[in-house]
Amino acid sequence: MDSEGDKYYVAPEVLNGVYSKAADIFSLGILVLELLTCINLPPSGDSWIALRNGLIDIREFGVQDEHLIHLISSCIHPNPAFRPS
């Protein structure tokens with residue numbers, strides 16, 4: 001995985017060697033979340049794991065717009081099959 005992208009944006013399935021467009025969509029969702037909130041998301045640790053397992057509510061980062069919450073949440077869904085294409 002060291003040569004496959006940045007640990008800040010890596011999709012959970014990439015950790016298991018599964019690479020697809022859905023992994024790119026996950027990374028895009030993380031990037032949009034960072035840009036919207038002007039915060040640096042964790043590069044590792046419990047929060048990093050929780051974010052990749054869908055255990056963090058996007059509202060916790062200060063996002064209030066329901067459309068953006070839905071977009072980001074769907075992009076970073078833990079199951080790649082449920083991410084937009």
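Residues numbered from 1 in each chain as written. Predicted model: local features only at pLDDT ≥ 70, side-chain atom pairs only at ≥ 80, totals over all residues. Heavy atoms only, no water.

Engineer: Explain the nonpolar core residue by residue, including any values.
Structural biologist: In this structure, Ile30, Leu33, Leu51, Ile58 and Ile76 are the most contacted members of the largest nonpolar core, which totals 17 residues. For this core, the secondary structure elements donating two or more residues are helix H1 (21-37), helix H2 (46-52) and helix H3 (66-75). Considering each element in turn, this core owes the most residues, four residues, to H1. (Core = buried A, V, L, I, M, F, W, Y, C linked by side-chain atoms within 4.5 Å. Buried < 20%, exposed > 50% of the residue type's maximum accessible area, 1.4 Å probe, protein only. Helix = DSSP H or I, 4+ residues; strand = E, 2+ residues; numbered from the N terminus.)

Engineer: Quick one: what's the story with the side chain of Glu13, residue by residue and with numbers?
Structural biologist: By the secondary structure assignment, Glu13 is in the segment before H1. A relative accessible area of 9% means that Glu13 is categorised as buried. Not counting residues within four places of it along the chain, the set of residues in contact with Glu13 comprises Val18, Ser20, Ala22, Ala23, Pro78, Pro80 and Arg83. (Contact = heavy atoms within 4.5 Å.)

Engineer: Give a description of unusual backbone geometry that names residues and reports values.
Structural biologist: Apart from glycine, the bulk of residues carry a negative phi angle, and the bulk of peptide bonds sit in the trans form. Unusually for a residue other than glycine, Cys38 sits at a positive phi of about 55°. Mapped onto the elements, Cys38 comes out in the loop between H1 and H2. Judged by relative accessible area, Cys38 falls into the exposed class, the value being 71%.

Engineer: Explain the environment of Lys21 residue by residue, including any values.
Structural biologist: Checked against the element boundaries, Lys21 lands in helix H1. Once the C-alpha coordinates of Lys21 and Pro80 are considered, the two residues, 59 residues apart in sequence, prove to be 8.9 Å apart.

Engineer: Help me get a handle on the confidence of the model for the chain, residues and values and all.
Structural biologist: Caution applies to low-pLDDT parts of the model: their predicted coordinates are not meant to be read in detail. On average, residues of the chain carry a pLDDT of 90, and 94% of them reach 70 or more. Averaged pLDDT values over the elements of the chain bottom out at 90 in H2 and peak at 96 in H3. (pLDDT = per-residue confidence, 0-100.)

Engineer: Quick one: what's the story with the packing of H1 against H3, residue by residue and with numbers?
Structural biologist: Closest axis-to-axis distance for the H1/H3 pair is 7 Å, and the angle between their directions is 140°. Between H1 and H3, the angle is such that the two are oblique. As for how H1 packs across H3, the hand of that crossing is left-handed. Facing H1, whose interface residues are Ile25, Phe26, Gly29, Val32, Leu33 and Leu36, H3 presents Leu68, Ile72 and Cys75. Classifying every residue of the contact of H1 with H3 gives eight nonpolar, one polar and no charged. (Axes fitted to C-alpha atoms, helices over the stretch in contact; angles between N-to-C directions. Parallel < 35°, antiparallel > 145°, perpendicular 65-115°, else oblique. Left-handed = near helix turned anticlockwise from the far one by under 90°. Nonpolar A, V, L, I, M, F, W, Y, C, P; charged D, E, K, R; others polar.)

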